[in-house]
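# Report on the structure
Chain by chain, the residues:
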2 protein chains.
Amino acid sequence: MDDELKLKSQVCFPVYALSREIVNVYRPILEEIDLTYPQYLVMMVLWENEPQKVNEIGDKLNLDNGTITPLLKRMAAKGLISRKRNTKDERVVEISLTESGKQLQTKAAEVPQKVVKAMGITPEDLMQLKDLVVKILNRAK
Amino acid sequence: MDDELKLKSQVCFPVYALSREIVNVYRPILEEIDLTYPQYLVMMVLWENEPQKVNEIGDKLNLDNGTITPLLKRMAAKGLISRKRNTKDERVVEISLTESGKQLQTKAAEVPQKVVKAMGITPEDLMQLKDLVVKILNRAK
DNA sequence: TAAAATAAAATCGCACACGATATAATAGCG
DNA sequence: CGCTATTATATCGTGTGCGATTTTATTTTA
């Protein structure tokens, strides 16, 4: 059989597997603060700067609006964020944090350390991985 | 704001983004042979060795049976694979390739080159990425 | 300025992904 | 030998992801 068609020789499969593994590591840790991984990413984007438009958030996370719209709606239903139409341009929806969403940041502060610990890998490997992945991501787009 | 809670300083987000980017690169290429990325992975597992039990396939792809069972059913509905209960042990379902599934391998032979080309990255970077990711994956589990 | 083009969100349909639970069959053990 | 534990799949519910289409609002252009 063509070696190229073997799972072991594929690069893409390990990346796909690692990505799911990462989400699985986050799951129990984020469950304690009632967030999923994509929801946590949205919160990080908003903790950094707010309000932001729906598409600004989607662009930062590389998420299509078929994904981001229902994601934000679930987060609004949980009371983490609020959605307001921009009065100047009625097409735009501005996403802000609620008081509850702001307060969650304190609890979330422990997440990164917990994740590194749960993954059981060295910060050096993590940094090397990040640099390489970012390099490839930039070239791939 | 705590630097650790910034998207840019997170390692996990680039991996998650790259994984989705990879699937997006595969999508149009696999569309030509009417496969999704997870379906393509299953085919690779079966082209290498056949028949295999449901869980053998799931273990190789790190997929839960809540994922793998419906995935295999969709593939059976497409006529790519067949599902037979093992007569010795009626709990086991053996997955085999149909004639159509076997023949697909020829068409799939071009997929790896097409993907490398579409991603626009060097084989060296790819290999380096793979080694690093595999190393981390092994430690993380 | 009215019609066409564009832009921002939302909606729809389908395919994962996974935890939790259910179901059925076999294995193991007293 | 029957009863319990285990094993292999299947099922269910929820939450992504994404392409395609739709809706509404704004901008451009003839």
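It should be emphasised that the depicted structure is a prediction, and the values quoted were computed from it without experimental measurement.

### As for the interface of chain B and chain A
Residue-level contacts link 59 residues of chain B with 59 residues of chain A. Counting the surface lost from both chain B and chain A, the interface buries some 5700 Å², and carbon and sulfur atoms represent 70% of this. The interface formed by chain B and chain A contains two salt bridges. A:Lys135 is the salt-bridge partner of B:Asp125, the closest N and O atoms lying 3.3 Å from each other.

### Quick notes on the domain arrangement of chain A
All names here are of chain A. Taken domain by domain, chain A comprises domain 1 (1-32 + 110-141) and domain 2 (34-100). At the interface, eight residues of domain 1 touch six residues of domain 2. A buried area of about 570 Å², summed over both sides, lies between domain 1 and domain 2, and 61% of it is on carbon and sulfur atoms. Our count for the domain 1 to domain 2 interface comes out at zero salt bridges. Seen at the junction of domain 1 and domain 2, the total is three residue pairs in polar contact (both at pLDDT 80 or more). Mapped by element, the contributors of at least two residues to the side of domain 1 that touches domain 2 are α1 (12-31) and α6 (111-119). Tallying contributions element by element places α1 first for the side of domain 1 that touches domain 2, with four residues.

Cut-offs applied
Residues numbered from 1 in each chain as written. Chains lettered and ligands numbered in written order. Predicted model: local features only at pLDDT ≥ 70, side-chain atom pairs only at ≥ 80, totals over all residues. Heavy atoms only, no water. Contact = heavy atoms within 4.5 Å. Buried area = accessible area lost by both parts, 1.4 Å probe. Salt bridge = Lys/Arg side-chain N within 4 Å of Asp/Glu carboxyl O. Domains from an automatic or database assignment. Polar contact = N/O pair within 3.5 Å; in protein donor to acceptor, adjacent residues only side chain to side chain. Helix = DSSP H or I, 4+ residues; strand = E, 2+ residues; numbered from the N terminus.

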